[in-house]
Amino acid sequence: MNLLIMGLPGAGKGTQAAKIVEQFKVAHISTGDMFRAAIANQTELGLLAKSYMDGGNLVPDEVTNGIVKERLGQEDIKATGFLLDGYPRTIEQAHALDAALAELGISLDGVINIEIDPAKLQERLSGRIIHKATGETFHKVFNPPAEGYNEEDYYQREDDKPESVARRLEVNISQSQPIIEHYRSKGLVHDIEGDQDIEEVYAEIEKVLSNLK
Ligand code: ADP
Ligand code: AMP
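Conventions and cut-offs
Residues numbered from 1 in each chain as written. Chains lettered and ligands numbered in written order. Predicted model: local features only at pLDDT ≥ 70, side-chain atom pairs only at ≥ 80, totals over all residues. Heavy atoms only, no water. Axes fitted to C-alpha atoms, helices over the stretch in contact; angles between N-to-C directions. Helix = DSSP H or I, 4+ residues; strand = E, 2+ residues; numbered from the N terminus. Parallel < 35°, antiparallel > 145°, perpendicular 65-115°, else oblique. Left-handed = near helix turned anticlockwise from the far one by under 90°. Contact = heavy atoms within 4.5 Å. Core = buried A, V, L, I, M, F, W, Y, C linked by side-chain atoms within 4.5 Å. Buried < 20%, exposed > 50% of the residue type's maximum accessible area, 1.4 Å probe, protein only. UniProt positions renumbered as here; feature names shortened; annotations may be inferred. 1 Å grid on protein atoms, 1.4 Å probe; cavity = no way out; pocket = protein on both sides within 12 Å on 5 of 7 lines; lining within 4 Å.

(A) Layout of the packing of helix α4 (residues 61–72) against helix α6 (residues 91–104). Relative orientation of the contacting elements α4 and α6 amounts to 25°, with a least axis distance of 10 Å. In terms of orientation, α4 lies roughly parallel with respect to α6. Note on packing geometry: the crossing formed by α4 with α6 is right-handed. Together, Asp61, Thr64, Asn65, Lys69 and Leu72 of α4 and Glu92, Gln93, Ala96, Leu97, Ala100, Leu101, Glu103 and Leu104 of α6 make up the contact between the two elements.

Encoded structure:
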């Protein structure tokens, strides 16, 4: 299956992507994770991406389109399928993705669109914590680690600070609508209610994906 997962920052894309990947064995391609890995490895791409990410802005399309196209062209993708998370984020990226997939002879099977009231996102993002050892995402209140939360083993994302969050939401709200409409016109979009428990959101997604398979 070849899938996109869309939703505003904090909607729950990464959380649901981890579950989808585990059950349906597709490759998880998260542009945010790719940029964070590049930052951690102090590569040229990382340095460039950081200058945009810290301010809550989007990394330029040429750069982002390039890394996604390269990843989609790798050997494993045709066998496993993929779940793209956090891409496309501009209509230009959506057009670049269409072109890249056409070139590779791959078609999209569905777009999971997690809907949520933007007013709920500040508390989702300000409480987001990531386990340093595994990269797994939790929330201090809504999804605390089973063994409890220990400051040393978890970190908070630089761009989850209030200054960046406001800018990220502004950027993403204005850009996301045309992208959803682009895929809706192709009949690919499945809207999912994001303001319910993590397991309830996943139950809806699982139903959709089981019908697509
Ligand atoms: P995204 O990848 O869309 O930015 P995440 O999956 O990282 O979002 O989720 C953002 C934060 O909200 C995380 O701390 C996560 O644990 C929490 N979260 C995710 N889904 C839900 C949910 N359905 N209800 C409450 N909190 C959630
Ligand atoms: P995410 O982990 O998806 O919340 O992304 C974190 C940050 O990485 C975003 O705020 C952007 O700065 C950058 N980023 C991730 N995906 C994209 C994309 N498709 N286009 C541009 N920038 C992106």
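(B) Fine view of the nonpolar core. Core analysis: the biggest nonpolar cluster contains 26 residues, and Leu72, Phe82, Leu84, Leu97 and Tyr183 have the highest contact counts within it. Those elements giving two or more residues to this core turn out to be β1 (2–6), β2 (27–30), α3 (44–53), α4, β3 (82–85), α6 and α8 (162–184). Core analysis: the second largest hydrophobic core is formed by 22 residues, Ile112, Leu125, Leu169 and Val208 among them.

(C) How the structure looks around the UniProt feature "binding site: ATP" (unreviewed entry) in the protein. The UniProt record annotates "binding site: ATP" (unreviewed entry) at Gly10, Ala11, Gly12, Lys13, Gly14, Thr15, Arg128, Thr137, Phe138 and Gln196. Lining the second largest pocket, from the set of annotated residues above, are Lys13. Structurally, Gly10 is set in the loop between β1 and α1 (13–24). Positionally, Thr15 belongs in helix α1. Residue classification places Thr15 among the partly exposed positions, given a relative accessible area of 22%. Apart from the residues lying within four places of it in its own chain, the contact partners of Thr15 are Thr137 and Ile198.

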